Amino acid sequence: MVSALAITNGRVVTPGGLIDGGVLVRDGRIAAIGAIDLPADVETIDAKGKLIAPGLIDVGVFAIDRPAFVVGGITRAVLMPDKGQIETVALVQHAAASGKPKVWVHPLAAATRGLEGHELAEIGLMAREGACGVATGRGWIADSGVMYRLLAYAGALRLRTVSHAEDGGLAGQAVMTDGETATRLGLAAALAEAEALAVARDLLLVEATGAPIHFRQITTARSIALVRAAKSKGLPVSCGITPAHLFLADSAVTGFRTFARLSPPLRDESDRQACLAAVADGTIDLICSGHDPQGPEAKRLPFADAEAGMAGAETLLALCLGLVRDGLIGVERLFDLLSGAPARLFGLPGGAIEVGAEADLLVVDSEAPWRIQSDKMAASAGNTPFDGLPVQGRVARTIKGGMPIL
Amino acid sequence: MSSPPTRPNDGREAHPFPHRHLTGISGLQPHEIAFLLDEAEQWVQLNRGTAKHDDRLAGLTLINAFFENSTRTLLSFEIAGKRLGADVVNMAVAQSSVKKGETLIDTAITLNAMRADMIVIRHEASGAVQLIADKVDCPVLNAGDGRHEHPTQALLDALTIRRRKGRIDGLIVAICGDVLHSRVARSNILSLTALGAEVRVVGPPTLLPPAIERMGVTRFTDFDAGLDGADVVMMLRLQRERMAGGFVPSPREYHALYGLTHERLKRAAPDALVMHPGPMNRGVEIASDVADDLERSAITEQVEMGVAVRMACLDVLTRARRGVMGW
């Protein structure tokens, strides 16, 4: 690592707004912002008028996929626990160390033993080994008693619980949201209400325990309304969404496209519009990639047999820049959704360009045109429902802790 | 649904059937459906004669790849292929390497490498036939995929109705029973609405998809109201495992509320036609005396039309391969 690094001639995205100039980094931390004086020993990167933004913090990925994170500008990833993967104390310790130095991985502790939803896992020990929160995994905790005790226990440890909101009874064996597309394709489908039903229960338990909760993905108008009401009551609730649910509706499954098989499933157009509105009005706190690469052996199958999930890390920023271009949100708010809020909610370093903060920085060419191509992705698998889509904006440089890694 | 025609076409008129595969009724134009029905008429005549043979498919290999158990449909396709002179090979799942964990795509590539000229597929997963069709060089015919489509069933039903009623346009057709799990219902809704019928779906709310009206049908949960004035009453099979409380409380309750009896049938038009894709659960969705009433029931005729329709599909889909003029 060089002792000093300056990124000059850019537009710096700070919580207070855009500042013309640069960022000076010393010993891995941000030393100055804006019109900076260049010391003699400094290494400089000319941003050429591009955005200088905080590194992205991706909440709720299912794989440690460094190449995809680096290309996508993700400098910290909050890792979901998964069956057979990260669910015990030792595995959390291993995962927390695994991405360094390029990408830091912050694991979430498995909420219940084996993610079975019955008995509390060793949450406190996992937190000591670096878990930044607790998560229910890919599934819902059906037993309300278990969920109540989990929230109370995790809340006392000052850990936020990440919930997958999908009522298991309604969801059943469903592989998509009920609607015209599911009916025409003859695919097992569940009412979109499965999500709001789970959110409503969890919010009542949050009210009872006072423990913080984060819904990994909120994707329907009804659950957004519930979260909005809970926030207005002052409950410690936050929620995220992926670009897939902001830009695609369930009709994307037409033709049995398994790359569009996601969990939660894609919703109908009116829910999608409600999600966009919730990003604009602040109900949705963060946008995450939901990165879950699945190879052809998991996707080249009949729709119902295929695994859910998409590779999202390297398309996250480009797709979200579309929200700015469409005038839905400003660029400061975009980077709060992608960096600031995740850092605040999970108590992580970085997340904003401020003097003294860790120097996780991006140089972003917000106009660069390119085409998403599933066979040319850096991710371990290229399963993206956005295959073939032309987008604008890509990460030109990624700097982690003051060290250029892209 | 299928790729555009690659065969020569003089461009003066629309190609009567510009599809490489038959994966579903979805994607077919009304005149294309009517064309297949017209083509089937000649095979009805042939099949009623004594020498039921035509050798236009001589030398061609037809593989019936059935990943899901079937007796009737498999037999119907086998007879259709043999009457047209094709070499018919049946691949049943019990004997196949699918049981050994081979993926569907690998199975498709294997069938393709054996140079089949036509593959007929049945599979328990919706969309499986399309998946295979995308990977092979020869025409693929869907013999039922999950809850998605069963196009030849819809064609044989349309042919049966057209022959018995003289038309389809303007008829009221009530499709009754387990619409939720039925590929027969989906294909019939698509073909009958395309051909101008007024289609109703009738059944317990647990067996009707909530969004079914988006397919252009009217939804009835009251059996009598749904039957009122219907010209065709199409009953669907209710799987035994769905009668045990999961979707309906019991077979006897289902029969009491949604079983077709002569008494019930009085609600329909006086000359209403009764149909069933088989196999029937006598005494559950349909009373035996209705099923066996030759005046009203077209159930055995449906089976007969099935062979004719499948012969027409095999003939039409292999025309380009056989070098038929204009294809």
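See the structure shown above.
Scanning chain A from terminus to terminus reveals 13 helices and 19 strands. Expressed along its principal axes, the backbone C-alpha trace of chain A runs to roughly 65 × 45 × 40 Å. In chain A, buried positions account for 60% of the 406 residues. Taking all contacts inside chain A whose residues are at least 6 apart in sequence as the whole, residues at least 24 apart take part in 71%.

Where interface size is given, it is often the accessible area lost as the parts come together that is meant. If you look at the interface, chain A gives 16 residues, while chain B gives 19 residues. Across the interface of chain A and chain B, roughly 1400 Å² is buried in total on both sides, 64% from carbon and sulfur atoms. The three residues of chain A that bury the most area against chain B are A:T183, A:R184 and A:R300, which together make up 37% of that side's buried surface. Our count for the chain A to chain B interface comes out at 1 salt bridge. As a salt-bridge pair, A:E180 and B:R214 come within 3.1 Å of each other at their nearest N and O atoms. Between chain A and chain B we count 4 residue pairs in polar contact (both at pLDDT 80 or more) in total. Residue composition of the side of chain A that touches chain B, grouped by class: 8 nonpolar, 3 polar and 5 charged.

Time to look at the state of the cysteines. Residues and elements named next belong to chain A. Applying the stated criterion across every chain yields a total of 0 disulfides over all chains. Looking at C239, it has no disulfide partner, and the nearest cysteine sulfur is the one in C275, 9.2 Å off. With a relative accessible area of 0%, C239 lands in the buried category. The buried category is assigned to C275, whose relative accessible area is 0%.

Rules and cut-offs
Per chain, residue numbering runs from 1 following the sequence as it is written. Each chain takes a letter, starting from A, and each ligand takes a number, starting from 1, following the order in which they are written. Only residues with pLDDT of at least 70 are given local features in this predicted model, and only at 80 or more are side-chain atom pairs given and counted; all residues enter the totals for whole chains, interfaces and linings. The basis for every side-chain value is the complete set of non-hydrogen atoms in the structure, without hydrogens or water. Secondary structure elements follow DSSP: runs of H or I of four or more residues count as helices, runs of E of two or more count as strands, with numbering from the N terminus. To sort residues, take the accessible area from a 1.4 Å probe on protein chains only and compare it with the maximum for the residue type: under 20% means buried, over 50% means exposed, and anything in between is partly exposed. Only heavy atoms enter the contact rule, under which two residues are in contact if any of them lie within 4.5 Å. Accessible area that two parts lose when put together, evaluated with a 1.4 Å probe and summed over both, is termed the buried area. When a carboxyl oxygen of Asp or Glu is within 4 Å of a side-chain nitrogen of Lys or Arg, the pair counts as a salt bridge. Counting of polar contacts relies on pairs of N or O atoms within 3.5 Å, with two restrictions inside protein: one atom must be capable of donating a hydrogen and the other of accepting it, and residues adjacent in sequence are counted only when both atoms are side-chain atoms. In the scheme used here, Gly and all other residues not listed as nonpolar or charged are polar, with Ala, Val, Leu, Ile, Met, Phe, Trp, Tyr, Cys and Pro taken as nonpolar and Asp, Glu, Lys and Arg as charged. The disulfide definition used here is simple: a pair of cysteine sulfur atoms within 2.5 Å.

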